[in-house]
Amino acid sequence: MEEYTPVKEGKVREIYDIGDYLVMVATDRISAFDVILKNKVTKKGTVLTQMSRFWFDYTKDIVKNHMVSTDVNDMPEFFRQPQFDGNSMLCQKLNMIPIECIVRGYITGSGWASYQKNGTVCGIKLRDGLQECEKLDEPIYTPSTKAEIGDHDENISFEQSIDILEKKFPGHGVEYATKIRDYTIALYKKCADYALTRGIIIADTKFEFGLDKDGNVVLGDEMLTPDSSRFWPLEGYEAGHSQPSFDKQFVRDWLKAHPESDYNLPQDVIDKTIAKYKEAYHLLTGLEIK
């Protein structure tokens, strides 16, 4: 059996090059504030992969995505081991576009902090009188640079995203910047509308795109998982204060309240975190993660 080692490791994902394709494995690692925590969250990787699979299938009418299969029997024998079953995705190879495509449908987090200071979010002027966690009149696109592990992403304007992409893809800066913005908004709107019918508010999320061998813009990485999005329960939602969540905001809040923790979570926080991830998956898909 041929063995494989990751060609790239992110905060959560490991990427294996198997020749014509990649295998992307979502581990049980969890990160917060751009730091990888010392704990593992059992089955978290499976939730992330299966949730991405659900959304990729749901949105393929809007934009092509990189998913080929999540069945390990479609992958080399090495991946037919228990640690890869359920949390691995066979993917198309893409030339990744170096922009984090963030879309915000509600005002919260760093966006709320910025709005309180000067009425803007990432340089975009919003109307006066918004409350914390209020739904925006229209979703806003707030791209950022994609930082290396340990560094922080930097918010940029749409115009700056054009400049960055023009340098990387001469002659295509405006084209690619416009496409990824428009796809981001369209994906968010379709999925946020669906999630509301399942009792979940998607407050914000991020997407990543790349180019296939023919130069088409393709959706890659993960999609609308609790790692890349803020999910709130629709039941009990009201603007004016922070919301309970199905995502790792729970972990962020605990870490903020325990600065002495050295990024080490107690078991009850780990248990509650994976329970929230599994609950979100079940609500959105109707399926269970065993």
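Residues numbered from 1 in each chain as written. Predicted model: local features only at pLDDT ≥ 70, side-chain atom pairs only at ≥ 80, totals over all residues. Heavy atoms only, no water.

A look at the layout of surface pockets
So the rule is basically this: In the cavity and pocket records, a cavity denotes points on a 1 Å grid over the protein atoms alone where a 1.4 Å probe fits but cannot get out, a pocket denotes an open set with protein on both sides within 12 Å along at least 5 of 7 lines, and lining residues are residues with an atom within 4 Å of a point. Grid points are joined across faces, edges and corners, and a volume is the space filled by probe spheres set on the points. The helix count covers DSSP runs of H or I at least four residues long, the strand count covers runs of E at least two residues long, and both are numbered beginning at the N terminus. As a working rule, the residues Ala, Val, Leu, Ile, Met, Phe, Trp, Tyr, Cys and Pro are called nonpolar, Asp, Glu, Lys and Arg charged, and the rest polar, with Gly in that last group.
What the second largest pocket holds in volume is close to 190 Å³. Residue lining of the second largest pocket: 14 residues in total, with Lys135, Pro139, Tyr188, Ala192 and Asp193 positioned closest to the centre. Elements represented by at least two residues in the lining of the second largest pocket include exactly β9 (99-106), β12 (135-141), α4 (173-197) and β14 (200-211). Looking at the lining of the second largest pocket, its residues break down into eight nonpolar, one polar and five charged.

Points about the packing of helix α3 (residues 158-168) against α4
Keep this limit in mind: Interaxial angles span 0 to 180 degrees and are taken between N-to-C directions of axes, which are lines fitted to C-alpha atoms, for helices over the stretch in contact. By the definition adopted for this analysis, an angle is roughly parallel if under 35 degrees, roughly antiparallel if over 145, roughly perpendicular if from 65 to 115, and oblique otherwise. Helix crossings are classified by the rotation of the near helix relative to the far one: an anticlockwise turn of less than a right angle makes the crossing left-handed, while a clockwise turn makes it right-handed. Throughout, a contact is declared for two residues whenever any of their heavy atoms are within 4.5 Å.
As a packed pair, α3 and α4 sit with axes 8 Å apart at the nearest point and diverge in direction by 130°. Between α3 and α4, the crossing angle belongs to the class labelled oblique. Between α3 and α4 lies a crossing whose hand is right-handed. Along its contact with α3, which presents Phe158, Ser161, Ile162, Leu165 and Glu166, the element α4 presents Gly173, Val174, Tyr176, Ala177, Thr178, Ile180 and Arg181. Among the residues making up the contact of α3 with α4, the classes are represented as seven nonpolar, three polar and two charged.

Here we look at the sheet that holds strand β1 (residues 8-9)
The strands that make up a sheet pair up through hydrogen bonds in the backbone, lying either parallel or antiparallel. Applicable threshold: Criterion used throughout: strands pair if DSSP finds at least two bridges between them.
Read across the open sheet, the five strands follow the order β1-β2-β3-β7-β6; overall the sheet is antiparallel. Of all the strands in the sheet, the pair left with one neighbour each is β1 and β6 (67-69).

Details of the nonpolar core
In a soluble, globular protein the nonpolar side chains are often hidden away together inside. Convention followed: We call a set of buried Ala, Val, Leu, Ile, Met, Phe, Trp, Tyr and Cys residues a nonpolar core when their side-chain atoms join them within 4.5 Å. The buried label applies to any residue whose accessible area, calculated with a 1.4 Å probe on protein chains only, is under 20% of its type's maximum; exposed applies above 50%, and partly exposed to all values in between.
Ranked by size, the top nonpolar core spans 66 residues in total, and within it Trp55, Ile180, Ile202, Phe207, Phe209 and Met223 carry the most contacts. Counting residues in hydrophobic clusters, the runner-up holds ten residues, among them Val25, Met75, Phe84 and Leu90.

Digging into the packing of helix α5 (residues 249-257) against helix α6 (residues 267-285)
At a minimum axis distance of 9 Å, the contact between α5 and α6 shows a crossing angle of 155°. Relative to α6, the element α5 is oriented roughly antiparallel. Between α5, through Phe250, Val251 and Trp254, and α6, the contact on the second element is made entirely by Val269, Lys272, Thr273 and Lys276. Class assignment for the residues of the contact of α5 with α6 results in four nonpolar, one polar and two charged.

Side note on the pairing of strand β7 (residues 88-92)
Extensive coverage of β7 is indicated by the burial of four of its five residues. With five bridges connecting them, strand β3 (residues 21-26) and β7 associate as antiparallel partners. Its bridge partner being in β7, Leu22 is matched across the sheet by Cys91. Pairing between β6 and β7: two bridges, direction antiparallel. Within β7, the residue paired with Met67 across the bridge is Cys91.

Things to note about empty space enclosed by the protein
Taken as a whole, this structure holds two cavities of 30 Å³ or more when the rule is applied. By volume, the largest cavity amounts to about 60 Å³. Lining the largest cavity are Arg13, Met24, Ala26, Leu48, Thr49, Ser52, Met89, Asp221 and Glu222. Looking at the lining of the largest cavity, the elements with two or more residues in it are β3 and α1 (44-58). At three residues, the largest contribution of residues to the lining of the largest cavity is made by α1. Residue composition of the lining of the largest cavity, grouped by class: four nonpolar, two polar and three charged. A volume near 30 Å³ is recorded for the second largest cavity. In terms of lining, the second largest cavity is formed by Arg104, Tyr106, Ile107, Thr108, Gly111, Val121, Leu136 and Ile140. Only β9 and β12 provide two or more residues apiece to the lining of the second largest cavity. Here the residues of the lining of the second largest cavity are counted per class, giving five nonpolar, two polar and one charged.

Interpretation in functional terms is not warranted from these geometric data alone.
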